[in-house]
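# Working through the structure, step by step
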Amino acid sequence: MNQESMHHHKARLLEGHDVNKILQHYRFTVEDAERLTALSPLAEEALGELMPRFYDFIFSFTHAQIFLHSSEILSKHEKAIGIWFLSLFGGQYDEEYFKKLNIISETHVRIGLPPHYVNAAFSFIREYMQQRMLEHDLKIEDLAAVNKILDINLDLLSLTYREEEHQQLIEDIVLLKDALRSGLVVPYVQPIVNAIDGKIDKYECLMRLVEPETGEAFSIFPLLSTAKSIHLYEGLMELMVEKSMRVFEDLPWAFSLNLSYEDIDNRRFRNYVLGKIKEFPEPERIIFEVLEMDVIEDYEVVSRFLDEMRSYGCKVAIDDFGSGYSSMENILRLKPDYIKIDGSLIHDIDHSSQSVTIVKTVVSMAKELNIKSVAEYVHSEAVYDVVKTLEVDYLQGYYTGRPFPAQELLSTEK
């Protein structure tokens, strides 16, 4: 790195008194800021390789597969991480920079990522950057500057995380109570298309909550643990089932409803669903998608429930097939009509030969067993093209169709 590139952006330290104290504590100097600025071309070059590796690492943890469970959430997370990473080398370490850290913290809290995720993520990024810098024979002072800014970020993110979580918890409880009291549960749907002709074959129903003041709709997922702890979850699920069935009762498409083991293990909720099935004009258009196979404690309970649903003509889908530790024997006991291939296998399949091999095996097995396969997380043309060659039966993801309010289907049918 030459002197000209070193001063391409004028490095600026924090101006506020509190911020200067933070920088002094970590012995972060103007020289450190200038070294980081000089490293910005390397950071930009590294970003393209870092992001796929980072998410391969993150998705090796079950908790990340759970919290980054949809294309919408994953896309938001990827964008935030990319912006944050490049800002490490932006040369501007003032109050505005630290405000951005708060925004990143808010994003993670909002989508439901646990605090210990931050530590794992930082460890990976630190090791990756150290490796890249050693490959470029950079000085020990450059490594030290990177470590300092990462330490500052890690400590401040951890602190703001705790503060944001406390405030967020209060806001979430109020929102959940309002949602149940005012019926602010809104079914969104995402199309599932036939891989051969690209036509919409069915829809997956996704629970959204509407923020009463702004009208913004967002996923229930980050609020699930709170909803369960204050005993509102069952009521929200009943609203979701009722509203979804009401939309689809006069429509031609099949549709899926997501059920966890906790839902199925709840006798009162099972009876509620059964009552709704009996009222629905064409139960054969209903697909029950079983989530979180790894947490099923009693397969017999699940199997009996699904057999009863089948007696009315309903279908069964298994979500996130190919991930976790569920045995094939247990999965096949549930006699699924569809398997939805785990999104972590599909997301980067356009540049992962390992994912291609695994998906090929899953699709081949499914065909042998007369089970239809669905590829989720089809988010780009490149992924779409690869998955099409693997003879998957159905495709789902942002590339083939983003989620939208189910109510809109009624207006398109008129």
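Just so you know, these numbers come straight off a predicted model, no measurement behind them. Going along each chain's sequence as written, the residues are numbered from 1 onward. Restriction of local features to residues with pLDDT of at least 70 applies here, the model being predicted, together with a cutoff of 80 or more for giving and counting side-chain atom pairs; totals for whole chains, interfaces and linings are based on all residues. Only heavy atoms go into the side-chain values, all of them from the structure, while hydrogens and water stay out.

### Here we look at the overall build of the protein chain
Along its length, the protein chain carries 19 helices and 12 strands. The buried label goes to any residue with under 20% of its type's maximum accessible area, the exposed label to any with over 50%, and the partly exposed label to all in between, with areas taken from a 1.4 Å probe on protein chains only. Buried residues in the protein chain amount to 52% of all 414 residues. Residue contacts are defined here by distance: any two heavy atoms, one from each residue, within 4.5 Å place the two residues in contact. Of the contacts formed within the protein chain by residues at least 6 apart in sequence, a portion of 73% connects residues at least 24 apart. When the accessible surface of the protein chain is split by element, carbon and sulfur atoms take 50% of a total near 19900 Å². Counting from the N terminus, the helices are DSSP H or I runs at least four residues long and the strands are E runs at least two residues long. Areas reported as accessible are Shrake-Rupley estimates using a 1.4 Å probe. Residue values count occlusion only from the protein chains shown.

### Quick word on the pattern of salt bridges
Here, a salt bridge means any side-chain nitrogen of Lys or Arg that lies within 4 Å of a carboxyl oxygen of Asp or Glu. For the structure shown, the criterion picks out 23 salt bridges. For the salt bridge of K276 with E279, the shortest nitrogen-to-oxygen distance reads 3.8 Å. Here K276 and its partner E279 are both found in helix α13 (residues 267-279), three residues apart, which amounts to about one turn of the helix. Taking the relative accessible area as the measure of exposure, K276 reaches 18% and is therefore buried. A relative accessible area of 60% places E279 in the exposed class.

### Regarding the side chain of S303
Examined against the element boundaries, S303 turns out to sit in helix α14 (residues 299-311). When sequence neighbours within four positions are dropped, the list of residues in contact with S303 reads R333, L334 and K335.

### Notes on the pairing of strand β6 (residues 254-259)
Within β6, six of the six residues are buried, leaving the element largely enclosed by the surrounding structure. Where burial is concerned, the two faces of β6 agree: the one with A254, S256 and N258 and the one with F255, L257 and L259 are both buried. Where strand β4 (residues 200-210) meets β6, three bridges bridge the pair, whose relative direction is parallel. The partner of K202 across the bridge, within β6, is A254. Between any two strands, pairing holds if DSSP finds at least two bridges.

### Regarding the environment of R181
Here R181 is to be found in helix α9 (residues 140-182). Take R181: its relative accessible area is 61%, and that puts it in the exposed class. For the pair R181 and L236, spaced 55 residues apart in sequence, the C-alpha separation works out to 9.8 Å. At 2.2 Å, the side chain of R181 forms a polar contact with the side chain of D178. As used in this structure description, the phrase polar contact means that two N or O atoms lie within 3.5 Å; if the pair is within protein, one of them must be able to donate a hydrogen and the other to accept it, and residues adjacent in sequence are counted only when both atoms belong to side chains.

### Remarks on the packing of aromatic side chains
By convention, a stacked pair of Phe, Tyr or Trp rings (six-membered ring in the case of Trp) has centres within 6.5 Å and planes under 30 degrees apart, an edge-to-face pair has planes over 60 apart, and any other such pair is tilted. This model, assessed by the stated rule, comprises 15 aromatic pairs. Judged by centre distance (6.1 Å) and plane angle (85 degrees), the ring pair of Y203 and F404 falls under edge-to-face. Remark: F404 occurs in strand β12 (residues 404-405) and Y203 occurs in strand β4; sequence separation between them is 201 residues. Taken together, Y203, F248, W253, F255, F280 and F404 form an aromatic cluster joined through their ring pairs. Our definition puts a charge over a ring when NZ of Lys or CZ of Arg is within 6 Å of the ring centre and also within 35 degrees of the ring normal. Over the ring of Y188 we find R208; its NZ or CZ atom is 5.5 Å from the centre of that ring. Lying over the aromatic face of Y233, K228 brings its terminal NZ or CZ to 5.0 Å of the ring centre.

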